[in-house]
Amino acid sequence: KNNGNGKETCSWFILHPSGEILSCVTISSVRLPRDNLESTNSSVHEGKLSELDIGERILQLSQCDDLCMVSRTPQFCSVIRAKLNIQAEGNPTSTDGRKCHATYDLQQQYRIDLR
């Protein structure tokens, strides 16, 4: 993303298990210390961006490509697809003062029974 000062910034996200028994796949944003020094013209929604309940304790998460992941539980594997949604705020004809908020929609595409 261009932060309006001619510098490119990027946003970092982490995919991790969550929930009481680690049965949910969650995408959360990551804020680094240098993020506080950069312009606030380009920002990402902080915290939990999306969560998908798999139904069993997640033993392993693996990334297949940019937006496709596999989660493994004791009884099945789930193929999960993430859809990126970017919303811009501010004047669409000006790059100054615009903010972007990114969210993900997680969807279970396939469930493979391991029993």
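Participant: Any chance you could explain the overall build of the protein here in plain terms?
Facilitator: Within the protein one finds 0 helices and 7 strands. Going from N to C terminus, the protein has its helices and strands arranged as β-β-β-β-β-β-β. For the protein, with 115 residues in total, the buried portion stands at 30%. The contacts in the protein between residues at least 6 apart in sequence include a share of 50% that link residues at least 24 apart. Roughly 7,500 Å² of accessible area belongs to the protein as shown, and the carbon and sulfur atoms make up 49% of that amount.

Participant: It is not clear to me how the packing of aromatic side chains should be interpreted in this structure. Could you clarify?
Facilitator: Aromatic rings considered in pairs are described by the distance between their centres and by the relative angle of their planes. Inspection of the entire model under this criterion finds 1 aromatic pair. Across from the ring centre of F76, 3.7 Å away, lies the NZ or CZ of R111, which sits over that ring.

Participant: What exactly am I supposed to notice about the environment of Q63 here?
Facilitator: Here Q63 is to be found in strand β4 (residues 60–65). Accessibility expressed as a relative area gives 58% for Q63, which makes it exposed. Note: C-alpha distance between Q63 and V79 (16 residues apart in sequence) is 9.8 Å.

Participant: For this particular structure, what's the right way to read the nonpolar core?
Facilitator: If you look at soluble globular proteins, the nonpolar side chains tend to sit buried side by side. Core analysis: the largest hydrophobic core is formed by 12 residues, namely V25, I27, L49, L52, I54, I58, M69, F76, I80, A82, Y104 and L106. Elements with a minimum of two residues in this core: β2 (24–30), β3 (48–53), β6 (76–89) and β7 (99–113). The leading source of residues in this core is β6, at 3 residues. The residues touching L52, leaving out its near neighbours within four places in the chain, are S23, C24, V25, I80, L106, Q107 and Q108.

Participant: Would you mind going over the pattern of salt bridges with me for this structure?
Facilitator: Side chains bearing opposite charge may pair, as long as their charged atoms lie close to each other. For the structure shown, the criterion picks out 2 salt bridges. The salt bridge involving D65 is made with R81; its shortest N-O contact spans 3.8 Å. In this pair, D65 sits in strand β4 while R81 sits in strand β6, placing the two residues 16 residues apart along the sequence. What makes R81 partly exposed here is its relative accessible area of 31%. Residue D113 is joined to R115 by a salt bridge in which the shortest nitrogen-to-oxygen separation is 3.1 Å. On the basis of relative accessibility, which here comes to 72%, the residue R115 falls in the exposed class.

Rules of the game
Residues numbered from 1 in each chain as written. Predicted model: local features only at pLDDT ≥ 70, side-chain atom pairs only at ≥ 80, totals over all residues. Heavy atoms only, no water. Helix = DSSP H or I, 4+ residues; strand = E, 2+ residues; numbered from the N terminus. Buried < 20%, exposed > 50% of the residue type's maximum accessible area, 1.4 Å probe, protein only. Contact = heavy atoms within 4.5 Å. Areas by Shrake-Rupley, 256 points an atom, 1.4 Å probe, with all protein chains shown as cover. Phe/Tyr/Trp six-rings, centres within 6.5 Å; stacked < 30°, edge-to-face > 60°. Lys NZ or Arg CZ within 6 Å of the ring centre and 35° of its normal. Core = buried A, V, L, I, M, F, W, Y, C linked by side-chain atoms within 4.5 Å. Salt bridge = Lys/Arg side-chain N within 4 Å of Asp/Glu carboxyl O.

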